[in-house]
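The lines below spell out each chain.
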Amino acid sequence: MNGRSLSGDIAALASPGGQAAALTAAVALVEVITPVQVVLAYLYVLPLILLSETARPRTIWSFVALTCGLTLSNLVIPEFTPISGSVLMNRLLVCGALVLTARQCLRIQGLQRQRLHLEGQLAVEDLRRDFVATLAHDLKTPILGTIATLRSLSSSRQSREGPLLERTLATIERGQSRALAQIQTLLEVYRNDAEGLVLQSVEVEFTRLVEEVIRELSALAQERQLTLRLGFGEASQWHPHLLIGDGAQLRRLVENLLLNAIHHSLRGGQIQLVLENRSNGLQLRVADGGPGVPEQEISKLFQRFQRLSEERPGSGLGLYLCRQIVNAHGGTIGLRNRPGGGAEIEVLLPQGSAEPPPEGG
């Protein structure tokens, strides 16, 4: 038991608190045996710094109050002597220095806590990105294999098995393709958040791009008995719309907007896409015939993983990716409910080169 007690005492003395207590006692002793005109109380800074490594703010301020009391009490201990103004001022300056040192120690403590918090957040974010990238890679491989097998099976058996098998295989293929698209969206969102969206800007004929996306998604729209219509506003007639931007990212933007409209439209409805030149850029409006969006949800709609309903298809990332793409092009995106029912997403894109707006703008 004595051995354990001795070990505990040694461990206590070896801790920052134990070392601070020993140093404080040593400085107080030296102060007592030193003439009052000699001020050594500034040495209390050493145990204060040691104590600030682990102590709470309340403990640090208690220590400052104790050392200031010891510094001033040395004017009358061990014996009272007439106090000169310079001696009193020196000791008051030492007390002020101890207070300032304590404030700096607490400030450093706060900065260290912030640093540790940020490092923890970065570590979690790195782990999340690694997890997402690994999971997406592992999921893409079997999906790609399934799609390739379905296409091969469809081409080899179509003539022998009839239209029923063809429709079944086509349905399975579309489902796997949508799953693959969601995985790709997930990867793009996390990559853009981590590295920023880097554009490869060229001149893009936006009207033809929109028409190509409409053709690619027409089969999905027909499956849901939806009609896709492209209009040109007041111009009424087809004409090209040119802008400077990243063609691949703009295609991704239109695809996600149209898919969102398809998923939220009621069967037998109509989806309208309207392209118009504005004084400040090119405007694209995508209007669906769905139930609309609750007003309290509109401000959250372009956030990551935000979904209106668990019954709706999608990952809640499509509109978030749209916002990333639009922001990178220096444009704006928003949603409003239509008076006659349904929702309309409006995108405004500069037609020349533009600097991206600041984050959160």
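Residues numbered from 1 in each chain as written. Predicted model: local features only at pLDDT ≥ 70, side-chain atom pairs only at ≥ 80, totals over all residues. Heavy atoms only, no water.

### Topic: the environment of Glu295
Turning to step 1, where the next piece is worked out: Mapped onto the elements, Glu295 comes out in helix H9 (residues 295-298).
Turning to step 2, where the next piece is worked out: Judged by its relative accessible area of 58%, Glu295 is exposed.
Turning to step 3, where the next piece is worked out: For the pair Glu295 and Arg336, spaced 41 residues apart in the sequence, the C-alpha separation amounts to 8.7 Å.
Turning to step 4, where the next piece is worked out: A polar contact is formed between the side chain of Glu295 and the side chain of Asn337, at a distance of 3.0 Å. (Helix = DSSP H or I, 4+ residues; strand = E, 2+ residues; numbered from the N terminus. Buried < 20%, exposed > 50% of the residue type's maximum accessible area, 1.4 Å probe, protein only. Polar contact = N/O pair within 3.5 Å; in protein donor to acceptor, adjacent residues only side chain to side chain.)

### Considering the packing of helix H3 (residues 45-52) against helix H4 (residues 57-73)
Packed helices, taken two at a time, are described by their axes: the angle between them and the distance between them.
Turning to step 1, where the next piece is worked out: At their nearest, the axes of H3 and H4 sit 10 Å apart, and the two run at 170° to each other. In terms of axis orientation, H3 runs roughly antiparallel to H4. Contacts between H3 and H4 involve Pro47, Leu48, Leu51 and Ser52 from the former and Thr59, Ile60, Phe63 and Val64 from the latter.
Turning to step 2, where the next piece is worked out: Grouping the constituent residues of the contact of H3 with H4 by class yields 6 nonpolar, 2 polar and no charged. (Axes fitted to C-alpha atoms, helices over the stretch in contact; angles between N-to-C directions. Parallel < 35°, antiparallel > 145°, perpendicular 65-115°, else oblique. Contact = heavy atoms within 4.5 Å. Nonpolar A, V, L, I, M, F, W, Y, C, P; charged D, E, K, R; others polar.)

### Examining the sheet that holds strand E7 (residues 343-349)
Turning to step 1, where the next piece is worked out: Read across the open sheet, the 5 strands follow the order E2-E4-E5-E7-E6; overall the sheet is mixed. Only two strands of the sheet have a single partner each, and these edge strands are strand E2 (227-231) and strand E6 (332-337). This sheet shows a mean twist of 15° between the axes of neighbouring strands, independent of strand direction. (Pairing = 2+ DSSP bridges.)

### Re the pairing of strand E4 (residues 270-278)
Along any regular strand the residues' side chains alternate between the sheet's two faces.
Turning to step 1, where the next piece is worked out: Summarising the sheet, E2 and E4 pair through 5 bridges and their orientation is parallel. From the neighbouring strand, Thr227 faces E4, where its bridge partner is Gln270.
Turning to step 2, where the next piece is worked out: Here 7 bridges tie E4 to strand E5 (residues 281-287), and the two strands are oriented antiparallel to one another. Counterpart to Val274 in the pairing with E5 is Arg285.

### Points about helix H7 (residues 206-223)
Turning to step 1, where the next piece is worked out: Over its 18 residues, H7 extends 26 Å from the first C-alpha to the last, a length consistent with the 26 Å expected when each residue adds 1.5 Å.
Turning to step 2, where the next piece is worked out: Along its length, H7 reaches its greatest deviation from straightness, about 50°, at Leu217.
Turning to step 3, where the next piece is worked out: When we look at burial in H7, the residues that qualify are Phe206, Thr207, Leu209, Val210, Val213, Ile214, Leu217, Leu220 and Ala221.
Turning to step 4, where the next piece is worked out: Near the N-terminus of H7, the side chain that reaches the backbone nitrogen of Thr207, with its oxygen 3.0 Å away, is that of Glu205.
Turning to step 5, where the next piece is worked out: Where H7 ends, the next residue or the one after it, Gln225, has phi of about 60°, a positive value. (Expected span 1.5 Å × (residues − 1). Bend = angle between axes of the 7 residues up to and from the residue.)

### Some thoughts on the side chain of Asp246
Turning to step 1, where the next piece is worked out: Here Asp246 is to be found in the loop between strand E3 (242-245) and helix H8 (247-264).
Turning to step 2, where the next piece is worked out: Lacking a salt bridge, the buried Asp246 has Arg251 as its closest oppositely charged neighbour, with an N-O distance of 9.1 Å.
Turning to step 3, where the next piece is worked out: At a separation of 2.8 Å, a polar atom in the side chain of Asp246 contacts the main-chain amide nitrogen of Gln200.
Turning to step 4, where the next piece is worked out: Aside from chain neighbours lying at most four places away, what touches Asp246 is Val198, Leu199, Gln200, Ser201 and His329. (Lys, Arg positive; Asp, Glu negative; His and termini not counted. Salt bridge = Lys/Arg side-chain N within 4 Å of Asp/Glu carboxyl O.)

### Quick notes on the packing of H8 against helix H10 (residues 318-328)
Turning to step 1, where the next piece is worked out: Where H8 contacts H10, the axes come no closer than 9 Å and their chain directions differ by 145°. Helix-helix and strand crossings are classified by hand; for H8 and H10 the assignment is left-handed. Residues Gln249, Arg252, Leu253, Asn256, Leu257 and Asn260 of H8 touch H10, and the partners they reach there are Gly318, Leu319, Leu321, Cys322, Ile325 and Val326.
Turning to step 2, where the next piece is worked out: Looking at side-chain class alone, the contact of H8 with H10 contains 7 nonpolar, 4 polar and 1 charged residues. (Left-handed = near helix turned anticlockwise from the far one by under 90°.)

### A few points about the environment of Leu199
Turning to step 1, where the next piece is worked out: Positionally, Leu199 belongs in the loop between helix H6 (163-195) and strand E1 (202-205).
Turning to step 2, where the next piece is worked out: Placed 49 residues apart in sequence, Leu199 and Ala248 show a C-alpha to C-alpha distance of 9.2 Å.
Turning to step 3, where the next piece is worked out: Every residue in contact with Leu199, bar those within four places of it in the chain, is listed here: Asp246, Gln249, Ala328 and His329.

Function cannot be read off these values alone, since they describe shape.
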